[in-house]
Amino acid sequence: MSTQDKVKINKLPTGVPGLDEIMGGGLPEFSFNIIAGAPGSGKTTLAHQFVFANASPERPALYFTVLGESAIKMLRYQQQYTFFDPAKLPDSIRFINLSQLVLEKDLGAVLEGITREVEKVSPAMVIVDSFRTMVRKPQSDMELQSFIQRLALFLASWQATTFLIGEYAEDELRDNPIFTVADGLFWLRQTPERNSIVRKLQIIKLRGQDSVPGLHTFRITDAGVQAFSRTFGLSGHVKDPPSQRRLCFGIPELDKMLGGGVREGDSVLVAGSSGTGKSVLATQFIAEGIRHGEPGIVAVFEERPQAYAERASTLGLDLETPQKDGKLTILYLRPLDLSVDETMHSILDAVQKIGAKRLVIDSLAGFEMALSPGFRADFRESLYRMIFALTGIGVTILSTVEVDESFTEFPFSTYSISFLTDDIIRLRYVSIDGQLRKIMVVIKMRGGNHAKDIREYEITDKGVVILGKRLTEYQGLISGIPVHSLRSDPTEEPSQDAEVENKH
Amino acid sequence: MTATPGMRDLAHRLLAYEVGEGMSSEPVGSPTLCVYEKLRQCLGEFVGATGFQSLAIRALTLARSEAPSLSAARVTADGSLQGLGEIGTPFDVDKNQAGDGGAILIARLLGLLRLFLGEALTLSLLRTAWPGEVFEDRNSAHGRSA
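Residues numbered from 1 in each chain as written. Chains lettered and ligands numbered in written order. Predicted model: local features only at pLDDT ≥ 70, side-chain atom pairs only at ≥ 80, totals over all residues.

Caption draft 1: Broad picture of the overall build of chain B. Of the regular secondary structure elements, chain B holds 4 helices and 2 strands. Along chain B, helices and strands appear, N-terminal first, in the series α-α-β-β-α-α. Taken across its 146 residues, chain B has 42% of its residues classed as buried. A separation threshold of at least 6 residues defines the contact pool for chain B, and within that pool the share at least 24 residues apart is 70%. (Helix = DSSP H or I, 4+ residues; strand = E, 2+ residues; numbered from the N terminus. Buried ≥ 20, exposed ≤ 12 C-beta atoms within 10 Å, placed from the backbone. Contact = placed C-beta atoms within 7 Å.)

Caption draft 2: Summary view of the interface of chain A and chain B. Across the boundary between the two partners, chain A contributes 15 residues, which contact 15 residues of chain B. For the side of chain A that touches chain B, the elements supplying multiple residues, two or more each, are helix 3 (71–78), strand 5 (93–97) and helix 4 (99–104) of chain A. Tallying contributions element by element places helix 3 of chain A first for the side of chain A that touches chain B, with 4 residues. Considering only residue class, the side of chain A that touches chain B consists of 9 nonpolar, 5 polar and 1 charged. (Nonpolar A, V, L, I, M, F, W, Y, C, P; charged D, E, K, R; others polar.)

Caption draft 3: Quick look at the sheet that holds strand 7 (residues 161–166) of chain A. Residue and element names in this part refer to chain A. Ordered by their spatial adjacency, 9 strands build an open sheet running 5-4-6-7-3-8-9-10-11, and the pairing between neighbours is mixed. Edge positions in the open sheet fall to strand 5 and strand 11 (224–228), since each of these has one partner strand only. The average undirected angle you get between the axes of adjacent strands in this sheet is 25 degrees. Relative to strand 7, strand 6 (residues 125–129) runs parallel, the two being bridged by 5 bridges. (Pairing = 2+ DSSP bridges. Axes fitted to C-alpha atoms, helices over the stretch in contact; angles between N-to-C directions.)

Caption draft 4: Spatial organisation of the confidence of the model for chain B. Residues and elements named next belong to chain B. This prediction gives chain B a mean pLDDT of 81; 77% of its residues lie at or above 70. Summarising per-element confidence for chain B, the mean pLDDT is lowest in helix 1 (residues 5–24) (86) and highest in strand 1 (residues 74–75) (94). Here residues 86–99 scores under 50 on pLDDT; set against residues more than four positions off or in separate chains, the count is 24 contacts. Low pLDDT (under 50) marks residues 139–146, which in the prediction has 19 contacts with non-local residues, meaning those over four places away or in another chain. Note on the complex model: pTM 0.74, ipTM 0.76. (pLDDT = per-residue confidence, 0-100.)

Caption draft 5: How the structure looks around the confidence of the model for chain A. A residue-level look at chain A finds 88% of positions with pLDDT of 70 or above and a mean pLDDT of 86. This stretch, residues 498–504 of chain A, has a pLDDT under 50; its non-local contacts, to residues over four places away or in other chains, come to 10 contacts.

Caption draft 6: Broad picture of the nonpolar core. By size, the foremost hydrophobic cluster in this structure holds 104 residues, and its most contacted members are Val51 and Ile127 of chain A together with Ile106 and Leu109 of chain B. Discounting chain neighbours no more than four positions away, the residues touching Val51 of chain A are Ala61, Tyr63, Ile93, Met125 and Ile127 of chain A. Counting residues in hydrophobic clusters, the runner-up holds 72 residues, among them Phe249, Ala282, Tyr308 and Ala309 of chain A. (Core = buried A, V, L, I, M, F, W, Y, C linked by C-beta atoms within 7 Å.)

Caption draft 7: Representation of the pairing of strand 3 (residues 32–37) of chain A in the model. Residue and element names in this part refer to chain A. Counting buried residues in strand 3 gives 6 out of 6 residues, a clear majority hidden from the surface. Sheet topology places strand 3 next to strand 7; 5 bridges connect them, and they run parallel. In the sheet register, Ile34 faces strand 7, and the bridge partner there is Leu164. Of the strand pairs in this sheet, strand 3 and strand 8 (residues 184–193) are connected by 5 bridges, and their pairing is parallel. Each residue of the ladder has a partner; that of Ile34, found in strand 8, is Leu185.

Caption draft 8: Main features of helix 16 (residues 379–392) of chain A. Residues and elements named next belong to chain A. Under the 1.5 Å per step criterion, the end-to-end length of helix 16 is 19 Å for 14 residues, consistent within 8% with the ideal 20 Å. Burial in helix 16 covers these residues: Ser382, Leu383, Met386, Ile387, Ala389, Leu390 and Thr391. Buried-residue contacts for helix 16 involve strand 14 (267–272), helix 13 (340–354), strand 17 (358–362), helix 15 (373–376) and strand 18 (396–402). Of the residues one or two after helix 16, Gly394 is the one with positive phi, at around 90 degrees. (Expected span 1.5 Å × (residues − 1).)

Caption draft 9: Main features of the packing of helix 2 (residues 31–64) of chain B against helix 3 (residues 101–117) of chain B. Residues and elements named next belong to chain B. For the pair helix 2 and helix 3, interaxial distance at closest approach is 8 Å and the crossing angle is 115 degrees. Here helix 3 runs roughly perpendicular to helix 2, going by the angle between their axes. Crossing hand, helix 2 versus helix 3: right-handed. Across from Thr32, Val35, Tyr36, Leu39, Leu55, Ala56, Arg58, Ala59, Leu60, Leu62 and Ala63 in helix 2, the residues of helix 3 making contact are Gly101, Gly102, Ile104, Leu105, Ile106, Arg108, Leu109 and Leu112. In the contact of helix 2 with helix 3, the residues fall into 14 nonpolar, 3 polar and 2 charged. (Parallel < 35°, antiparallel > 145°, perpendicular 65-115°, else oblique. Left-handed = near helix turned anticlockwise from the far one by under 90°.)

Structure representation (structure tokens):
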């Protein structure tokens, strides 16, 4: 059977930002769907967004309300959302109350009532809210099964895309005929995690198309439900081929150590303990990009954008002007109950808005703290998804991470995330000649050769400045407590910098 | 507290429309009952009979404080209105309406709708029962009270 012979299933926009991408393009037309979840999980709001996004006088929606929330109060509250357009009532969206019928009659009469209204209006969409209250009266399994079967068949035959809304518990998933008949099953959850509430959405079932599996976080704002896909809306994006372009820090000696700079699209980790200059290095990286016409994003968690820009100005770096010119965005993300997906959404929005090429995350520790406690457990996995998604669209990411300084170990990160990064620059304190000095070493560069030198540096009013040649007169530098070696002339051995330089 | 001027104005417009309809076709009853029945039909569909009955009882209670002539009126279980008595007599659009119980009852019912649903949605619902010209050139119905 050729592709041409196959029936094409139209996809309707859900009206919920992010949800179409999760569903693989939208809601299949004429599908029979269930929105399930506990009270307050956002079921009605989601259904309203769908009907307000799709209903028109030519394609009207019938919204049956049954017991549960009073229709008048439902409309009173729902109209507070920005998507609610009163002008759509009643020509495009008609609310019909079935409570009396449900209370006084059997399921057969209820089906008859729905049938009568559907035949009268020929709606493109039908919502039953709440379906659960409709089938709560005692009846045999067979009677219920028959009712659901007939309702689903009837609504599909009348070319209606249907949502039944119900308050179901997850242990009811088994042996319930409604879930068997449904083409799509959407489960909304909200769970307390320490002092935060986390909302998650799962598409348990969706016939006819590929949805993004797993639990996706969502938030309810005055614009209604907003979903955040685990793939950050980039599931259809083909990863850009690796670039050979190098991005500089604007610190000549460091750029030399990196073989000319970090490769475009890399994820760079700058690790070091407090005060070693991680943020300074990150700021220089973003400022150098702007100097070369590469817009940048700085995601800060530990200080306000204004303070970040002011600190940069003490290093002679102007971050105010590029912000005004739309070349730089400093994002402050710290509401303490974020999901990685929401953070990513904010970052991606900013990246797309200004066409950013460089992104600084300062710092990973701050990022982790900004997340809802429940998401911190998955921080490493989330970082992996985030880095993969962003570098896939050609953004070069520099993340700073604080590591506990130890004189017996030389850790790269407390998160065991070094495998997620392409390049690692390690900064550390070292005790030399009665002074606490700073050294820098490039640990890893996935995209090519790099200097093996350990270099001393200082933080001046010009930012990070690398001093002299590599430190050859000490051994055990990375331990932090080096010993003076007998060799004292650094010119006796060729610098690794030079080797790298010769290769490029 | 009395029904707001905006809601009274709207009630009078609906009643006047029904008077006009009554003159051009076979009279079907008092204008108050006609308006009330139309409201019961269009609102009952989406709030249900019980939902409409609750609103109507509340509106009647509020209206009685302004119009003692409504003391005999009552809302039945299905939401219909009974016992209007003299206020069910033909409506005089030119008369000062201060003492007209029917107009006050309708104004109170409309006021409750506006209070719960807002003006835009209330008018959208009313447009299913009355033609658009009834609502044209009408000043916005201000005021918070039902």
